[in-house]
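Architecture and fold: a report
Each chain, letter by letter, is given below.
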Amino acid sequence: MAGRGRGRGRGALAVAAEALGIGRGDLPPPTLQPPPLFPPLQFKPVPLLSGEDHDYMLALKQEYRGTMKDSPHYIKADSKKKDIERYSDKYQMNRNSDSIIGFQPDWERLPQELKIRVRRLHKSRAAVNPTLPISRKTKALSHEEIEKKLQNLEHKEESQTVEENEEEKEGEEEEEEYYDEIDEEEGTDYNATYFDNGEDFGLDEDDALDDGPVY
Amino acid sequence: MSNIQIRLASLLLRENYGEIVEKVGSYLIKYGLKALRAIALDTNLKLDQVRKALCVLITHNMAKFTSTKRGIIYYQVSVKTVLLLSRYPRYIYSVKTLYGDAGELIVEEILQNGQLLMSKVVRKVTERLNEALEDRTVEESFVRDKFIDLVSTHFLQRVVNPPSDIDSTVTESETAIEEEDLYKIPEAMKIEGCISRKRRRSEDEDRGTKRIRTDSTASEDPSESFPDDGVYWHTNFDRFHQHLRDQAIIDAVSRRVDKIGAEIVRTMLRMSELTTDPKATLTKPMSSHEIFHALSRELNIPRPTLDQYLKLLADDQIDFINKTGESGGGIYVINIYKAIKSLCIAHIESVVQERFGSKCYRIFRLLLLKQHLEQKQVEEFAMIPAKEAKELLYQMFSEHFVSVQEIPRTPDHAPSRTFYLFSVNLNQVCRMLLERCYKTNANLIARREHDTYENRRLLERSQRIEAVVAASLRNNDGNPEQTAELEEMITPPERAQLNKLKHNVNKLEQSELQVEETIFILTSYVQMVV
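Here is a short report on the structure shown in this document. (Residues numbered from 1 in each chain as written. Chains lettered and ligands numbered in written order. Predicted model: local features only at pLDDT ≥ 70, side-chain atom pairs only at ≥ 80, totals over all residues. Heavy atoms only, no water.)

This part is about the overall build of chain A. Across its full length, chain A holds eight helices and zero strands. Each helix and strand of chain A, ordered N terminal to C terminal, gives the series α-α-α-α-α-α-α-α. Here chain A holds 215 residues, and 19% of them are scored as buried. Long-range contacts, defined here as pairs at least 24 residues apart, represent 45% of the contacts in chain A between residues at least 6 apart. Put simply, chain A shows about 17,800 Å² of open surface, and 55% of that area lies on carbon and sulfur atoms. (Helix = DSSP H or I, 4+ residues; strand = E, 2+ residues; numbered from the N terminus. Buried < 20%, exposed > 50% of the residue type's maximum accessible area, 1.4 Å probe, protein only. Contact = heavy atoms within 4.5 Å. Areas by Shrake-Rupley, 256 points an atom, 1.4 Å probe, with all protein chains shown as cover.)

What follows is the structure, given as structure tokens:
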């Protein structure tokens, strides 16, 4: 079986090669490595054309390249701080700073969003930064949580107004303390003293807010 | 749009507009339509940097933007226009041959800035011309006339107003500007007489004092108003390509026939410039009588000679000119398609000859002539020994210059009962060579950048010394000893190195330009076939 298979394969190949006119020894040996990166040139390249127009074009090209390098259209990144700060730096227009554009395109023809506003130094930004984490924290609360909290708050407010009307001072105080002690295991001492002293409506409400979720 | 094209495009962008533009440009080429934020996010650039880069790309007509209904603006860059950057010197040079120095400077100024107001161009070019020619002055009106010439021959074109991004529904009608309007000189520039010029002169004086204080190169007074504000001009690349193509045909005729034949063809092409569609493959028919009248008197070609030349060109094997009728002394057309095709074939043939030798060249020409040939026939017709012919043929086959068509006699595709026909697929070979040219150009630029980078210290130093020497010469206080001393700061071996570098850079750039010429011929053929 195996022998026959091989025979057939070989036969087909031989026929194909024959049809193309390839004899037995004509096929080159198999290549086992990739071709070289810089293969040797079989023929030397012809010299470049030269003449007045070619030379002039070359000069034109080099000049054009040179002017483009210095043109405001050549955009560089903000240059790094130099070795020393020079007095003259202040008076040199740094047209390649990121927030300044060196040429004046017609803004009518460009999308509005591309317009670069020239900004002052970003001093104000530093002052704003510290507030960020807080706002983020509040944002992190899920929608449901907020809703729940608001509901509780509402509920509390209602009950408290009722309490206020009915019992005024005495009962309310005791109740509050009682809840505090039960709910918050740690720091009860402080809370107790704190609430004893600063007995205030607003504070009460705050406290109720904290207690909310337990209800 | 292949990887090679993208590589060349990004190298060209970096060379002309710096690294940031390169990053944004090649990102947009690779990924197509993108919004501003996405570009900034993916390229890791600051938003302002991306903004600036996009401004540059849009003003240089390389990027376009479209706004969607939801108000998001998408940007895209076409790789084709970026690749034209390597052809800029040729554009400038061809205008110089047509319109002289003023035309050259006008086009150079516009290419450097992408798009400009006519009044600005005229003023700048006049300044530059006056700087160059110290002995005589050039009037602004002279430059303006040149500008109007360039516009009337369609080398310059108005920039189409972009769709306003406020509402995108109106855009369809707005962008479809009439063809004629593209070449209309604004009224304000046409009638601008002495009054406005006087006013401008006084303005200039005003600014003269201001300029001393501010940086003169970077800041132009933004509040200053122009009579033609809002009408920007840019170069019409299609027109330039048409001109370069015509020039190539004329050159070919002058090589094949002679100068007089070339002049006749030039006249015919100029006559048809106005009447024929630039993309047409045949020009409009012209009678020999018309041609005779259009020929410039200076050439002094008598009528019988003209007829002889026309007959000669029409009978020629390359078929640049066809005769289509007998009336009016014979009616002729120029077959632009055939002309470009034979130019393209000539380029390919010379590549084959230089790469594979003259025997391969013979086989290749044989295949072009006979279209489809079996291997046996190739050996016989080329009169090359069988073994050698096979080797050469397969060598070309492996490099994709030659393709094979299988024709089975039986449906089982058995190799013994199949014809293998070798042929040349011109379009495919063209595209393959085009890719190679792009690769070559990219490699040339990369090599040049590498060489200059390696020697950057030496270059900087020599530039500084040259500047000092020039300054001392200008002030006339530099005594020769001092200059010599300064020039000795660069040692002889360093000077030798510098000279070598300069030589190499020149050679590399020259090759870039000449590869570019090949690219031009190949692309015009490929575009015509499509």
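That shown, we press on.
Turning our attention to the sheet that holds strand β8 (residues 321-325) of chain B. Residues and elements named next belong to chain B. Taken in spatial order, the three strands line up as β7-β9-β8 in an open sheet, and their pairing is antiparallel. The strands lining the two open edges of the sheet, one partner per strand, are β7 (286-287) and β8. As judged from the four bridges shared by β8 and strand β9 (residues 331-334), these two strands associate in the antiparallel manner. Its bridge partner lying in β9, Asn322 is registered against Val333. (Pairing = 2+ DSSP bridges.)

Judged by side-chain charge, B:Glu466, B:Glu481, B:Glu485, B:Glu487 and B:Glu488 come together as a negatively charged surface patch. Mapping B:Glu466 onto the fold places it in helix α20 (residues 456-474). (Patch = residues over 30% accessible without salt bridge, like charges linked within 9 Å, V, L, I, M, F, W, Y side chains within 5 Å. Salt bridge = Lys/Arg side-chain N within 4 Å of Asp/Glu carboxyl O. Lys, Arg positive; Asp, Glu negative; His and termini not counted. Charge placed at Lys NZ, Arg CZ, Asp CG, Glu CD.)

Moving on, we get to helix α3 (residues 47-59) of chain B. Residues spaced three or four apart along an α-helix face the same direction, because each turn holds 3.6 residues. Residues and elements named next belong to chain B. Its 13 residues place the ends of α3 18 Å apart at the C-alpha level, agreeing with the 18 Å of an ideal helix rising 1.5 Å per residue. Burial analysis of α3 places 12 of its 13 residues in the buried class, the great majority of the element. Residues of α3 that are buried in the fold lie against α1 (3-31), α2 (36-43), β2 (63-67), β3 (73-77) and α5 (88-113). Asn61 occupies a position one or two residues after α3 and carries a positive phi of about 60°. (Expected span 1.5 Å × (residues − 1).)

Moving on: the packing of helix α6 (residues 118-132) of chain B against helix α7 (residues 140-152) of chain B. Residues and elements named next belong to chain B. With their axes 9 Å apart at the nearest point, α6 and α7 run at an angle of 125° to one another. Classified by the interaxial angle, the pair formed by α6 and α7 is oblique. As α6 packs across α7, the resulting crossing turns out to be right-handed. Here Met118, Val121, Val122, Arg123, Val125, Thr126 and Leu129 of α6 lie close against α7, whose contacting residues are Glu140, Val143, Arg144, Phe147 and Ile148. Looking at the contact of α6 with α7 residue by residue, the class counts come to eight nonpolar, one polar and three charged. (Axes fitted to C-alpha atoms, helices over the stretch in contact; angles between N-to-C directions. Parallel < 35°, antiparallel > 145°, perpendicular 65-115°, else oblique. Left-handed = near helix turned anticlockwise from the far one by under 90°. Nonpolar A, V, L, I, M, F, W, Y, C, P; charged D, E, K, R; others polar.)

Turning our attention to the pattern of salt bridges. Inspection of every chain in the model, using the stated rule, returns 29 salt bridges over all chains. With its nearest N and O atoms 3.4 Å apart, the salt bridge here joins B:Arg245 to B:Asp246. Taking relative accessible area as the criterion, B:Arg245 reaches 9% and is therefore assigned buried. Look at the salt bridges and you will find they share partners, linking A:Lys61, A:Arg65, B:Glu15, B:Arg448, B:Glu509 and B:Glu512 into a network.

All names here are of chain B. With 147 residues, the main nonpolar core has Tyr75 and Phe401 as its most contacted residues. Among the elements that line this core, the one with the most residues is α1, at 13 residues. Discounting chain neighbours no more than four positions away, the residues touching Phe401 are Val351, Val352, Phe356, Phe364, Met396, Val424, Val429, Met432, Leu433 and Arg436. (Core = buried A, V, L, I, M, F, W, Y, C linked by side-chain atoms within 4.5 Å.)

All names here are of chain B. Taking burial as the measure, the six residues of strand β12 (residues 418-423) include five buried ones, the bulk of the element. Pairing geometry for strand β10 (residues 373-374) and β12, over two bridges, is antiparallel. Residue Leu373 lies in a different strand from β12, and its bridge partner there is Phe422. Bridge analysis of strand β11 (residues 403-408) against β12 gives six bridges, and the strand direction is antiparallel. Residue pairing in the sheet places Pro408 in a bridge with Thr418 of β12.

Next up on the list: unusual backbone geometry. Residues and elements named next belong to chain B. The backbone of Asn61 shows a phi angle near 60°, a positive value even though the residue is not glycine. Following the sequence through the fold, Asn61 ends up in the loop between α3 and β2. Look at His154: it is not a glycine, yet its phi comes out positive at around 70°. Tracing the backbone through its elements, the reader meets His154 in the loop between α7 and β5 (156-158). The class for His154 is partly exposed, based on a relative accessible area of 30%.

Here we take up the packing of α5(B) against helix α11 (residues 237-256) of chain B. All names here are of chain B. Where α5 meets α11, the axes come as close as 13 Å, and the angle between the chain directions of the two elements is 145°. Between α5 and α11 lies a crossing of left-handed hand. In this structure, α5 uses Tyr88, Arg90, Tyr91, Ser94, Val95, Leu98, Val107 and Leu111 to contact α11, whose residues at the interface are Phe237, Phe240, His241, His243 and Leu244.

Residues and elements named next belong to chain B. One open sheet accounts for three strands, arranged β4-β6-β5; its pairing is antiparallel. Looking at strand neighbours, the two that pair on one side only are β4 (116-117) and β5, the edges of this open sheet. Relative to strand β6 (residues 232-235), β4 runs antiparallel, the two sharing two bridges. Residue pairing across strands places Leu116 opposite Trp233, the latter belonging to β6. Here α5 sits on the sheet in contact with β4, β5 and β6, set at roughly 100° to β6.

Residues and elements named next belong to chain B. Within the fold, Ile260 resides in helix α12 (residues 259-275). Owing to a relative accessible area of 34%, Ile260 belongs among the partly exposed residues under this scheme. Taking the C-alpha atoms as reference, Ile260 lies 8.3 Å from Tyr309; in sequence the two are 49 residues apart.

So, about helix α15 (residues 336-356) of chain B. All names here are of chain B. With 21 residues, α15 extends 30 Å from end C-alpha to end C-alpha; this agrees with the ideal 30 Å at 1.5 Å per step. All of the buried residues in α15 are Ile336, Ala339, Ile340, Leu343, Cys344, Ile345, Ile348, Glu349, Val352 and Phe356. Those residues of α15 that are buried lie in contact with α11, β9, α16 (358-370), α18 (386-398), α19 (426-454) and α22 (492-529). Backbone geometry just downstream of α15 places Gly357 in the positive-phi region, at approximately 95°.

We now examine the environment of B:His400. All names here are of chain B. Here His400 lies in the loop between α18 and β11. Owing to a relative accessible area of 47%, His400 belongs among the partly exposed residues under this scheme. Taking the C-alpha atoms as reference points, His400 and Ile185, separated by 215 residues in sequence, lie 50 Å from one another. Apart from the residues lying within four places of it in its own chain, the contact partners of His400 are Gln428, Val429 and Met432.

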